[in-house]
Amino acid sequence: MHALLEQHGQAHRSPVHLIERYPRIANRLVELWGSEAINEYLESLMIMDRPDRQGFPAEIGMELMTFGNAHDEIMRKPADTDGIWDHVREAAVDALEQRGLRATVGDFHRSIGLNSPETLQLYLQAGVQIDGADDNGWTALMRASFDGSVASAEWLLTHGASIHASDRGGYTPLHWAALNGYDPVVDMLVNRGANVNAESHSGFTAMIQAASRGHLLIVKRLIAAGARVDMSTPDGWTALHKAVANRHTDVAVRLLDHGADADARHRDGSTPYSIAAQTGQQRLCELMLLTQSVRQRERR
């Protein structure tokens with residue numbers, strides 16, 4: 001971190017106490033350097049909005065503020081009077097072209113499946129924003145989550161990609177990883193703090209997405225992370241509705257075990273129980289009735 005500030009003539013603003021006492025935070029700030037995510041991270045460090053956080057000593061807080069100001073000033077500077085950054089940018093563009101790629105958001109996203117950190121780094125050096133979105137509002141992290149590109153997703157998160165970004169439909173990276181059943185990506189996103197109850201503009205959650213496709217392991221992971229099993233879309237679809245309608249019995253049972261309501265009503269009047277009955281899932285109907293009976297006795 002000191003070397004990074006020194007090369008911009010800001011060595012005197014190096015957070016020496018932070019580096020010594022909180023090396024992980026210092027390393028994270030270096031990883032996020034130059035990305036939009038660094039300001040969000042600095043804000044999360046400065047604002048003590050959790051009762052279990054005691055806050056930093058005054059000198060650390062001052063260093064964080066000074067570092068943030070230095071970063072903002074450096075990023076607002078022109079590309080550099082001596083042209084060194086233009087040279088780096090041009091070299092990265094040339095390196096991409098040698099690979100048959102262009103320094104565009106579209107090619108950046110298409111390169112996600114290569115799982116090549118070296119190639120992804122070239123895009124950033126060429127000036128492509130890590131959260132640059134395509135016409136559908138998709139970011140590179142959404143593409144990696146949709147495709148199950150674990151190495152690319154990890155690289156993007158490490159370099160400041162927004163885990164909370166949403167596309168034009170309101171779907172987040174977690175929505176897409178859950179829909180397509182990519183357990184390692186879901187686990188990574190959840191561990192990094194993704195909102196497991198985030199809703200799309202249509203009211204779909206990652207839980208509903210996973211249940212509709214029968215991804216039991218992801219349903220378990222989301223439940224363990226605090227996902228609510230009975231969240232519904234505005235017209236009344238729940239994860240249990242979707243699991244039953246698509247005959248994912250193991251997922252339906254897991255949802256019932258964690259409190260899902262077999263009588264949750266869709267706008268058209270259908271419930272998970274009525275769908276099971278109409279589609280001949282007799283054993284599931286019996287389990288729903290038994291679950292309902294047990295819950296009634298417990299409430300007495």
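Scroll up to find the structure this text is about.
Residues numbered from 1 in each chain as written. Predicted model: local features only at pLDDT ≥ 70, side-chain atom pairs only at ≥ 80, totals over all residues. Heavy atoms only, no water.

So what exactly am I meant to see when it comes to helix 13 (residues 206–213) here?
Note on helix geometry: an α-helix contains 3.6 residues per turn, so any two residues three or four positions apart are oriented the same way. The buried fraction of helix 13 is high, at seven of eight residues. Of all the residues in helix 13, the buried ones are Ala-206, Met-207, Ile-208, Gln-209, Ala-210, Ala-211 and Ser-212. The secondary structure elements touched by the buried residues of helix 13 are helix 11 (173–180), helix 14 (216–224), helix 15 (239–245) and helix 16 (249–257). A positive backbone phi angle near 80° is found at Gly-214, which sits one or two residues after helix 13. (Buried < 20%, exposed > 50% of the residue type's maximum accessible area, 1.4 Å probe, protein only. Helix = DSSP H or I, 4+ residues; strand = E, 2+ residues; numbered from the N terminus. Contact = heavy atoms within 4.5 Å.)

What am I meant to see in the packing of aromatic side chains here?
Aromatic rings in a pair are described by how distant their centres are and how their planes are angled relative to each other. Under the counting rule described, the total for this entry stands at six aromatic pairs. Considering the side-chain rings of Trp-138 and Trp-176, the 5.2 Å spacing of their centres and the 45° angle between planes classify their relative orientation as tilted. Within this pair, whereas Trp-138 is found in the loop between helix 8 (117–125) and helix 9 (140–147), its partner Trp-176 is found in helix 11, the two being separated by 38 residues in sequence. An angle of 70° between the planes, with centres 5.7 Å apart, marks the rings of Phe-146 and Trp-176 as edge-to-face. With Phe-146 in helix 9 and Trp-176 in helix 11, the pair connects residues that are 30 residues apart, well separated along the chain. Here Trp-176 falls in the buried class, since its relative accessible area comes to 13%. Directly above the ring of Trp-237 sits Lys-242, whose terminal nitrogen or CZ lies 4.8 Å from the centroid. (Phe/Tyr/Trp six-rings, centres within 6.5 Å; stacked < 30°, edge-to-face > 60°. Lys NZ or Arg CZ within 6 Å of the ring centre and 35° of its normal.)

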